[in-house]
Amino acid sequence: MTQKVLLNSKEVNIILHRLACQLIEKHLDFKDTVLIGIQPRGTFLAERLKEVLEKEYQTPEIKLGYLDITFFRDDFRRTEKPLEANKTNINFILENKKVIFIDDVLYTGRSIRAALTAVQSFGRPSEIELLVLIDRRFSRNLPIQPDYRGRQVDAINDEKVRVSWKENDGEDAVYLVTN
């Protein structure tokens, strides 16, 4: 197994700030906008973006929720190993809100399709956008594209993109892993 560094800590930080600025350009005060981190790995990116928006850009009171999509996936009964569900934590109304789904890597699009189904349990948003740190553009099974992307990566067949967050993995980095 080999791994190549795609983004180091400094580059991840620069991308976080760029994504935060893009969100501010579109959503200004976030009065009608909420961030939804897709469990499990999108929550780290969502928390970081919220922190950057509030502390660095003085955007007050951004609502952040976490959405578990485990049982909404089309493949959840097709794996040999049992799936472990995460916790959904959305303690605000999504009705007529602008929702920004946040995930670390966009690969086939199946997680986002599951999130679109799962979020309907919490109301009908007026708009849904997608923000990802890494867009694996040649791997899509569904016609889903991000509205905001940190970096586009051309990974093929046996290559995987692994995102490390200092809160969980001890460092901020993105790797291209080949088996």
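The rules behind each value
- Residues numbered from 1 in each chain as written.
- Predicted model: local features only at pLDDT ≥ 70, side-chain atom pairs only at ≥ 80, totals over all residues.
- Heavy atoms only, no water.
- Salt bridge = Lys/Arg side-chain N within 4 Å of Asp/Glu carboxyl O.
- Helix = DSSP H or I, 4+ residues; strand = E, 2+ residues; numbered from the N terminus.
- Buried < 20%, exposed > 50% of the residue type's maximum accessible area, 1.4 Å probe, protein only.
- Arc of directions from axis to C-beta.
- Contact = heavy atoms within 4.5 Å.
- Pairing = 2+ DSSP bridges.
- Axes fitted to C-alpha atoms, helices over the stretch in contact; angles between N-to-C directions.

Chemist: I would appreciate a short explanation of the pattern of salt bridges in the present structure.
Modeler: A side chain with one charge may pair with a side chain of the opposite charge, provided their charged atoms come close. What the rule picks out here adds up to 12 salt bridges. Between lysine 97 and aspartate 32 there is a salt bridge, and its shortest N-O distance comes to 3.8 Å. In this pair, lysine 97 sits in the loop between strand 3 (63-67) and strand 4 (98-106) while aspartate 32 sits in the loop between helix 1 (9-27) and strand 2 (33-38), placing the two residues 65 residues apart along the sequence. Using a relative accessible area of 35% as the deciding quantity, one classes aspartate 32 as partly exposed. For aspartate 172, the salt bridge goes to arginine 48, with nearest N and O atoms at 2.8 Å. In this pair, aspartate 172 sits in the loop between helix 4 (166-169) and strand 8 (173-178) while arginine 48 sits in helix 2 (residues 42-56), placing the two residues 124 residues apart along the sequence.

Chemist: Would you mind going over helix 3 (residues 110-119) with me for this structure?
Modeler: Each turn of an α-helix holds 3.6 residues, which means side chains three or four residues apart point in the same direction. Along helix 3, the residues that are buried comprise Ile112, Ala114, Ala115, Ala118 and Val119. An end-on view of helix 3 places all buried positions within 155° of arc, on one side of the element. In this structure, the buried residues of helix 3 make contact with strand 2, strand 3, strand 4 and strand 5 (127-136).

Chemist: Where do I start with the pairing of strand 2 in this structure?
Modeler: It is a general feature of regular strands that their side chains alternate between the two faces of the sheet. The buried fraction of strand 2 amounts to six of the six residues, a majority that puts the element mostly inside the structure. Of the two faces of strand 2, the one holding Thr33, Leu35 and Gly37 and the one holding Val34, Ile36 and Ile38 are both buried throughout. The pairing of strand 2 with strand 4 spans five bridges and is parallel. Bridge pairing in strand 4 places valine 34 opposite valine 99. Summarising the sheet, strand 2 and strand 3 pair through five bridges and their orientation is parallel.

Chemist: Hey, could you run me through the sheet that holds strand 3 in this one?
Modeler: Two orientations exist for strands paired in a sheet by backbone hydrogen bonds: parallel and antiparallel. Overall, parallel pairing links the five strands, which are arranged 3-2-4-5-6 in an open sheet. Sheet topology places strand 3 and strand 6 (148-153) at the edges, where each strand pairs with a single neighbour. Adjacent strand axes in the sheet meet at a mean angle of 25° when their direction is disregarded. In the sheet, strand 4 pairs with strand 5 via eight bridges, with the strands oriented parallel. Directly across from leucine 106, in strand 5, lies its bridge partner aspartate 135. Packing against the sheet, helix 1 makes contact with strand 2, strand 4, strand 5 and strand 6, and its axis sits at approximately 140° to strand 6.

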